[in-house]
Amino acid sequence: MRATFGTGRTKELSWRLGQLAALRALLTEEAEALQAALLADLGKNPVEAYRAEVGFTINELDHTVTHLEEWLRPKPAAVPDAFLPADARVVRDPLGVVLIIAPWNYPVQLALAPLVGALASGNAVVVKPSELAPATSAALAGLLPKYLDTDAVAVVEGAVPETTALLEQRFDHIFYTGSGNVGRIVMTAAAKHLTPVTLELGGKSPVVVEPGADLEVTARRIARGKFANAGQTCVAPDYVLAIGDTAARLEPYLAAAVRELYGDDTAANPGYGKIVNDRNFDRLTGLLGAGRVVTGGGHDRSARHIDPTVLADVPPDAPVMSEEIFGPILPVLPVPDLDAAITFINDRDKPLALYAFTGSDRTKERLTRETSSGALTFGLPVQHLAVPELPFGGVGASGMGRYHGEYSIDTFSHAKAILDKPLD
Ligand code: NAD
């Protein structure tokens, strides 16, 4: 990889666009193979697999191809009078060899959307898919070399020992998506080589619901964001902070929204996903003890199925409130007012996303100013990540760095300062 980068080939715009075109061909020609792998790994139904993984990545790629030349144009900088005549500009330099470590929950999107940014920026890339989505990992390992420049893009499959061995190598950037615990291991390994990292982590993303919001629409949108992929989405609503009397009024709407989305027998619905493995199944069923079940609660270990579950009257110190849920369980906690909701949020780690359903501009302003989170979305959980001009990333415990669209070019390039003063 390093020798290839040394030839300068990957820096050419034609190489970058060629690789992106080849990746687009892979995504369209091999969509069915990828959908089959996602069905095997996560019970992800093919429509959802296309929308959230293959199609999502194609959109990200198309947006990048449309704007790449414009993004790569040197940006002129003003020169102070004392140095005139002189010219100053910023150019985006590829970093070199980049490592992308992907998780299992959106194993196509979270391996290939960063790859789009890394290739568009002119880097050689090593991709390490997650061993916990083995069919997808094998599909990526088989397909990427068929389409892409094998001297500049490699897939390394494996679990902890293989990733540990990879992390001993010197990379020019490491882009990691996964849990904070492993994020710390990645950052420690990177420090040895002074390698910069992007850490796309998780955490508990709260939803604030105000009494004035249309609770039917609110419940439907929360349920859709929460229970897609059986709740195994880094930006899924984790819990609801229901202000005033909202909790009791919201509960029946949430139960109705789950029924509308998945029917009465969610175990029999092929549109609903399964839990990735037994370890996560056991962890999640262990969280079910707290509070009163509004809807769901059923589970079947042999099918790794857990019903979409809404819990009410959950004490704030229950286990389900102390770790990221990352599964189809939604606690609803009543809070007296917006001040209490803001205090609750600010007393905890900074979330990857904060969601609010409110009709009040004042509330929107207060949440914008008084809380810190990777993203803040009013009225539509999860979908900020599908707006390519918005940066995607966390803050504090939910991560560092950002990507998507032009932000990926920032992440995978060095902004090199150039000052050019004539000699005469
Ligand atoms: P994980 O940390 O267990 O695994 C992610 C990757 O790290 C895998 O490729 C795995 O092989 C590797 N890995 C695991 N243990 C390792 C070790 N000891 N040393 C080196 N590498 C190791 O994470 P996960 O369970 O796959 O994902 C769940 C977490 O990821 C959740 O917290 C979720 O919120 C977060 N997540 C974040 C985003 C985001 O975009 N911010 C997206 C998806 C998931």
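Here the structure is a predicted model, which is why all the values come from computation and not from measurement.

## Digging into the sheet that holds strand β7 (residues 197-200)
As summarised here, the arrangement of the 6 strands in space is β5-β4-β3-β6-β7-β17, forming an open sheet in which the pairing is mixed. With one partner strand each, in any of the chains shown, β5 (153-155) and β17 (399-400) form the two edges of the open sheet. With 4 bridges connecting them, strand β3 (residues 97-101) and strand β6 (residues 173-177) associate as parallel partners. For I101, the partnering residue across the bridge sits in β6 and is Y176. Helix α7 (residues 160-168) contacts β3, β4 (124-128) and β6 of the sheet and is inclined by roughly 155° relative to β3. Sitting on the sheet, helix α8 (residues 180-192) touches β3, β6, β7 and β17, and the angle it makes with β7 is about 180°.

## Focus on unusual backbone geometry
Cis geometry is found at the peptide bond from L84 to P85, where omega equals 0°. Position of P85 among the secondary structure elements: in the loop between β1 (75-77) and β2 (87-94). Phi angles above zero are rare outside glycine, and A230 is one such case at about 50°. Along the chain, the position of A230 falls in the loop between α9 (215-227) and β9 (237-243). Its relative accessible area of 1% is what places A230 among the buried residues. A positive phi is found at V382, a non-glycine position, where the angle reads about 75°. Relative to the helices and strands, V382 is located in the loop between β16 (375-378) and β17. A relative accessible area of 11% means that V382 is categorised as buried.

## Re the side chain of S205
In this structure, S205 sits in strand β8 (residues 205-209). Polar side-chain contacts of S205 include one of 3.2 Å to the backbone oxygen of A353.

## Points about empty space enclosed by the protein
For the structure shown, the criterion picks out 1 cavity of 30 Å³ or more. In this structure, the largest cavity spans a volume of roughly 40 Å³. Every residue lining the largest cavity is listed: G203, S205, K226, G231, T233, C234, A236, P237, D238, E324, F326 and G327. Classifying every residue of the lining of the largest cavity gives 4 nonpolar, 5 polar and 3 charged.

## As for the site of the ligand
Among the 26 residues in the neighbourhood of the ligand, the closest are listed as A102, E131, Y176, L201 and E324. At a separation of 2.8 Å, an oxygen atom of the ligand approaches a polar side-chain atom of W104. Interatomic distance of 2.6 Å between a side-chain N/O atom of E324 and an oxygen atom of the ligand. Surface burial for the ligand is 90%, taken as the share of its 850 Å² of free accessible area covered by protein chains.

## Describing the pattern of salt bridges
Taken as a whole and judged by the stated rule, the model has 25 salt bridges. Residue R2 pairs with D172 through a salt bridge whose shortest N-O separation is 3.2 Å. Residue R2 is located in helix α1 (residues 2-7), and its partner D172 is located in the loop between α7 and β6; the two are separated by 170 residues in the primary sequence. For R2, a relative accessible area of 34% corresponds to the partly exposed category. Connected through salt bridges with shared partners, the residues K75, R92, E406 and D410 form a single ionic network.

## Re the environment of S121
Examined against the element boundaries, S121 turns out to sit in the loop between α5 (109-120) and β4. Note on S121: relative accessible area 1%, which makes it buried. For the pair S121 and R92, spaced 29 residues apart in the sequence, the C-alpha separation amounts to 8.0 Å.

## Thoughts on the nonpolar core
For soluble globular proteins, the rule of thumb is that nonpolar side chains tend to be buried together. L23 and L115 are the most contacted members of the largest nonpolar core, which has 121 residues in total. Structurally, this core is a two-domain feature, drawing no fewer than three residues from each of domain 1 (2-201 + 394-420) and domain 2 (206-386). The next biggest cluster of nonpolar side chains, apart from the first, holds 5 residues, and it includes L42, W104, V276 and F326.

Reading the values: the criteria
Residues numbered from 1 in each chain as written. Predicted model: local features only at pLDDT ≥ 70, side-chain atom pairs only at ≥ 80, totals over all residues. Heavy atoms only, no water. Pairing = 2+ DSSP bridges. Helix = DSSP H or I, 4+ residues; strand = E, 2+ residues; numbered from the N terminus. Contact = heavy atoms within 4.5 Å. Axes fitted to C-alpha atoms, helices over the stretch in contact; angles between N-to-C directions. Buried < 20%, exposed > 50% of the residue type's maximum accessible area, 1.4 Å probe, protein only. Polar contact = N/O pair within 3.5 Å; in protein donor to acceptor, adjacent residues only side chain to side chain. 1 Å grid on protein atoms, 1.4 Å probe; cavity = no way out; pocket = protein on both sides within 12 Å on 5 of 7 lines; lining within 4 Å. Points joined across faces, edges and corners; volume = space filled by probe spheres on them. Nonpolar A, V, L, I, M, F, W, Y, C, P; charged D, E, K, R; others polar. Near = heavy atom within 4 Å. Areas by Shrake-Rupley, 256 points an atom, 1.4 Å probe, with all protein chains shown as cover. Salt bridge = Lys/Arg side-chain N within 4 Å of Asp/Glu carboxyl O. Core = buried A, V, L, I, M, F, W, Y, C linked by side-chain atoms within 4.5 Å. Domains from an automatic or database assignment.

Purely spatial values, then, with no claim about function.
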